[in-house]
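Summary of structural features
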Amino acid sequence: MERVILHVDMDAFFAAVEVLHRPGLAGKPLIIGADPKGGKGRGVVSTCSYEAREFGIRSAMPISTAYRLCPNGTYLSVNFDIYRDASSHVMDIIRGFSIYFEQTSIDEAYLDITYLVGPDNSPAGIAVALKKNIMDVSGLSCSVGVGPTKVVAKIASDHHKPNGITVVPLDQVRSFLNPQPVGKIPGVGKKTRKILEGLGVSSIGELAEMSPAKVIAELGAHGLNLHEFAHGRDERKVCTDREIKSIGREDTFDVDTTDKEQLQTTLVHLAQRTHEQLIDEHMLFKTITLKLRFHNFATINRSFSVQSPTNSKRVFIEATLELLNRHLEPNTPIRLVGIRLSNLSPVGGIQTTLEDFNLEL
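Predicted, not measured: the structure shown is a model, and the values here were computed from it. (Residues numbered from 1 in each chain as written. Predicted model: local features only at pLDDT ≥ 70, side-chain atom pairs only at ≥ 80, totals over all residues. Heavy atoms only, no water.)

1. Some thoughts on the pattern of salt bridges
The following threshold applies: The working definition used for a salt bridge is a side-chain nitrogen of Lys or Arg within 4 Å of a carboxyl oxygen of Asp or Glu. Only DSSP runs of H or I covering at least 4 residues are called helices, and only runs of E covering at least 2 are called strands; the numbering of each starts at the N terminus. Think of it in three bands: residues with accessible area under 20% of the maximum for their type are buried, residues over 50% are exposed, and the middle band is partly exposed, with areas taken using a 1.4 Å probe on protein chains only.
All told, the structure shown has 20 salt bridges when counted by the stated rule. With its nearest N and O atoms 3.4 Å apart, the salt bridge here joins R174 to E209. Of this pair, R174 sits in helix α7 (residues 173-177) while E209 is found in helix α9 (residues 204-209), placing the two residues 35 residues apart along the sequence. Owing to a relative accessible area of 62%, E209 belongs among the exposed residues under this scheme. Close ionic contact of R233 with E228 constitutes a salt bridge, the shortest N to O distance being 3.0 Å. Relative accessible area serves as the criterion here: at 40%, R233 is assigned to the partly exposed category. Accessibility expressed as a relative area gives 29% for E228, which makes it partly exposed.

This is how it looks when you write it as structure tokens:
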């Protein structure tokens, strides 16, 4: 049976997350990395918005060079806390689309959707539904590639960026790959690309036409892998055995709120959804973390831990509401609430009650 692999790549992720927090930056050239300090700043560009890329700015470019290209752009330092939060939120959404899920970076993931495809579920339809769900829930766009192998899906996800979908059926793999620049193959960096170009190889199709012996002679065993990738061949499976470190949900209010009842209702809903995933994953938890983001974007995380692992919904919800009661500041507008379970372990632990909780400072 032909495999169907889906690769999700978030669009200009760090910049897009910053725009969520600062809507006034939408549509403007935004560069994440460092403060250029009048063009003399040190450091490199981590990522940038697509508007900034129109000025020739690219990742890993010296920040001083970026400033010379776009002196009127907005330059922000990297804020990994909000990127990790956004990534966790997005990955929870993606994970919900298939039992075969593999996160490969803060903004990329694979799904094996072979078992989902049928008369009523086309690969393209699944990709459209996933993209829509990510946008509706997180406000972030992504590009999706679909193919019979991981390498084809990954190359496809970059084909129509940003906010695109590219589906490559098995019988179209070679026609899709052949004209692509050889640097599109994962693992072909600057050094390898330079060697290949010295051999007259600039496209994936040209690499595919080389004899395996010649590729190995020039690039060693790594070259054989690249030659297989050039044909679209890739036996790697979507890994599902990576340790799940935490699960959770969060929600941003349309209007900042001080309504305690609204906060409680929202948290209970988030806790119920998180608990459903906990049960689906056959896991127990020890730590519950409440996240509150205030109107001024200040964010706090406060935790409770139990002495023994549990999967009790009652313990989870009651502890969540207790955390809210302890840490809610009266008359301070709340922008976002979230809940997360961590210190996870496989089912088999001892059930606990609230008396077993210890406050984590």
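2. Points about the nonpolar core
Spelled out, the test is: The term nonpolar core refers to a set of buried residues drawn from Ala, Val, Leu, Ile, Met, Phe, Trp, Tyr and Cys, joined through side-chain atoms within 4.5 Å. In this description, contact between two residues means that some pair of their heavy atoms is separated by no more than 4.5 Å.
In terms of nonpolar packing, the biggest core is built from 32 residues, with L6, V8, M10, F13, I94 and I134 touching the most fellow members. When contributions to this core are tallied by element, the ones reaching two or more residues are β1 (5-10), α1 (13-21), β2 (30-33), α4 (80-95), β6 (108-112), α5 (123-138) and β7 (142-147). Broken down by element, this core gets its largest block of residues, seven residues, from α4. The contact partners of I94, leaving out residues within four places of it in the chain, are V8, F101, A109, L111, L130 and I134. If you look at the next biggest cluster of nonpolar residues, it comprises 28 residues, including L263, I288, F304 and V337.

3. Overview of the sheet that holds β1
What counts, and what does not: Only strands that DSSP links by at least two bridges are regarded as paired with each other. Here the axes come from fitting lines to C-alpha atoms, over the contacting stretch only for helices, and the angles between their N-to-C directions go from 0 to 180 degrees.
The five strands are arranged β5-β6-β1-β7-β8 in an open sheet whose pairing can be described as mixed. If you trace the sheet from one side to the other, it starts and ends with β5 (101-105) and β8 (165-167), each paired once. Here the strands of the sheet are splayed against their neighbours by 15° on average, with no regard to which way each runs. Of the strand pairs in this sheet, β5 and β6 are connected by four bridges, and their pairing is antiparallel. Paired with S105 across the bridge in β6 is E108. Across the sheet, α4 touches β1, β5 and β6, and the angle it forms with β5 is around 150°. Its contacts with the sheet put helix α6 (residues 150-157) on β1, β5, β6, β7 and β8, and the angle it makes with β7 is roughly 145°.

4. Looking at the environment of L219
Looking at the element boundaries, L219 is found in helix α10 (residues 212-219). Assessed through its relative accessible area of 16%, L219 is described here as buried. For the pair L219 and I195, spaced 24 residues apart in sequence, the C-alpha to C-alpha distance is 8.4 Å. Discounting chain neighbours no more than four positions away, the residues touching L219 are T192, I195, L196 and L226.

5. Some details on the packing of α10 against helix α11 (residues 221-230)
Put simply, the rule reads: Orientation categories follow fixed angle ranges, with anything under 35 degrees roughly parallel, anything over 145 roughly antiparallel, 65 to 115 roughly perpendicular, and all other angles oblique. Definitions for this section: a left-handed crossing has its near helix turned counterclockwise from the far helix by less than a right angle. A right-handed crossing has that turn clockwise.
Contact pair α10 / α11: the axes reach a minimum separation of 6 Å and the direction vectors enclose 135°. In this view, α10 runs oblique relative to α11, as classed from their interaxial angle. Handedness of the α10/α11 crossing: right-handed. Residues P212, V215, I216 and L219 of α10 pack against A221, H222, G223, L224, L226 and H227 of α11.

Any link to function would need more than the numbers given here.
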